[in-house]
Amino acid sequence: MLGLPDSITTCLFDLDGVITDTASVHRKAWKQMFDEYLEAKDGKGFQPFTEGDYNKYVDGKPRQDGVRDFLASRDIQLPDGSPDDGGDAETVWGLGNRKNTRLQAEIERNGVEVYEGSRRYLQLAQEKGLRRIVVSSSANTQMVLQVTGLDRYIEGRIDGVTLAEQHIKGKPAPDSFLAGAKLAGASPDQAVVFEDATSGVAAGRAGNFGFVVGVDRVGHADELKRNGADLVVQDLSELIQKG
Ligand SMILES: O=P(O)(O)OC[C@H]1O[C@@H](O)[C@H](O)[C@@H](O)[C@@H]1O
């Protein structure tokens, strides 16, 4: 059904880049923040944050892990600081908060675009009785689902807020998807993971889920396959066509 093996009862959807066109908004906010930080630290000749850096160290991971993992790749270590650190604090929380302010301002200014193929897929999955859970590392998940009206299709959510509250490990660990399957009362082999990030498909593989769909919006299909996708599509409408 809907391009999935017959054994699948439950869909676990990543949000940014799978359902909504927000991976690009995150990427832009990360780049602005890191470039600003690196330039202040190293001067005009600083080595900018690249798309490769985003895909490898940041994409799909909880915010603080993204800050830590990218900085570690440049041999930089900062103290964690605390959640209420201002954007000017040179801490993991401070830099993460600075990026979040930019992200939220951008969403407020331009809204959020929903991939039509994904909205249609959610609707059909609902009509056909498949369970529908969003599993995202983003602490902004609820806001994005609300402003887009997508919350009407979603039965449950494991997101950046849940991860922090319940001390659940972020992607590439499989724990957030396992928590999503549990929320739907499904075993991992009955669930499909939809992911656009290499850390996300790796989490799908590590959790032994029934099926892992990689969603390639940026031309990294090979990376998605190598890291755990059983199938790679460019848009969920391709799965609808499979029937
Ligand atoms: O900063 P937020 O909104 O909590 O999101 C954390 C991460 O959430 C993921 O969904 C995005 O792919 C990442 O780019 C983002 O960094």
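Just so you know, these numbers come straight off a predicted model, no measurement behind them. (Residues numbered from 1 in each chain as written. Predicted model: local features only at pLDDT ≥ 70, side-chain atom pairs only at ≥ 80, totals over all residues. Heavy atoms only, no water.)

Caption draft 1: Focus on the site of the ligand. Lining the immediate surroundings of the ligand are 14 residues, of which D16, Y54, R63, S138 and N140 lie closest. Separating an oxygen atom of the ligand from a backbone N or O atom of A139 is a distance of 2.7 Å. Within the complex, the protein chains bury 99% of what would otherwise be the 400 Å² of accessible surface of the ligand. The class makeup of the residues in the shell around the ligand is three nonpolar, six polar and five charged. No fewer than three residues from each of domain 1 (10-21 + 113-242) and domain 2 (24-110) sit in the shell around the ligand. (Near = heavy atom within 4 Å. Polar contact = N/O pair within 3.5 Å; in protein donor to acceptor, adjacent residues only side chain to side chain. Areas by Shrake-Rupley, 256 points an atom, 1.4 Å probe, with all protein chains shown as cover. Nonpolar A, V, L, I, M, F, W, Y, C, P; charged D, E, K, R; others polar. Domains from an automatic or database assignment.)

Caption draft 2: Summary view of the packing of aromatic side chains. Following the criterion strictly, the structure yields eight aromatic pairs and no others. With a centroid separation of 4.7 Å and 15° between ring planes, the pair formed by F13 and F194 is classed as stacked. Note that F13 is positioned in strand β1 (residues 10-13) and F194 in strand β4 (residues 191-195), a separation of 181 residues in sequence. For F13, a relative accessible area of 0% puts it in the buried group. Residue class for F194 comes out buried when judged on its relative accessible area of 0%. Here Y121 and F194 contribute two aromatic rings whose centre-to-centre distance is 5.5 Å and whose plane-to-plane angle is 70°, an arrangement assigned as edge-to-face. Placement of Y121 in helix α5 (residues 116-127) and of F194 in strand β4 is noted, with a sequence separation of 73 residues between them. F194 carries the same exposure label as Y121, and that label is buried. Three or more aromatic residues joined by ring pairs make a cluster, and in this case those are W30, F34, F49 and F70. Seen from the ring of Y115, R217 lies directly overhead, with NZ or CZ sitting 3.4 Å from the centre. (Phe/Tyr/Trp six-rings, centres within 6.5 Å; stacked < 30°, edge-to-face > 60°. Helix = DSSP H or I, 4+ residues; strand = E, 2+ residues; numbered from the N terminus. Buried < 20%, exposed > 50% of the residue type's maximum accessible area, 1.4 Å probe, protein only. Lys NZ or Arg CZ within 6 Å of the ring centre and 35° of its normal.)

Caption draft 3: Structural detail: the side chain of D35. By the element assignment, D35 lies in helix α1 (residues 23-42). We classify D35 as buried; its relative accessible area is 13%. Residue contacts for D35: discarding those within four places in its chain leaves F46, P48 and F49. (Contact = heavy atoms within 4.5 Å.)

Caption draft 4: Summary view of the sheet that holds β1. Taken together, six strands build an open sheet; the order of strands is β3-β2-β1-β4-β5-β6 and the sheet is parallel. Across the chains shown, the open sheet's two edge strands, defined by having one partner strand only, are β3 (156-158) and β6 (231-233). Strand-to-strand, the axes of this sheet are offset by a mean angle of 25°, without reference to chain direction. Taken together, the four bridges between β1 and strand β2 (residues 131-135) define a ladder with parallel strand orientation. Paired with F13 across the bridge in β2 is V134. Sitting on the sheet, helix α8 (residues 175-183) is in contact with β1, β2, β3 and β4, with an inclination near 160° to β3. (Pairing = 2+ DSSP bridges. Axes fitted to C-alpha atoms, helices over the stretch in contact; angles between N-to-C directions.)

Caption draft 5: The arrangement of α5 in detail. The terminal C-alpha atoms of α5, which comprises twelve residues, lie 17 Å apart, in line with the 16 Å expected from a rise of 1.5 Å per residue. Among the residues making up α5, those that are buried are G117, S118, Y121, L122, L124 and A125. Elements in contact with the buried residues of α5: β1, β2, β4 and α11 (237-242). Phi turns positive, to about 85°, at G129, one or two residues after α5. (Expected span 1.5 Å × (residues − 1).)

That's the geometry; what it means functionally is another story.
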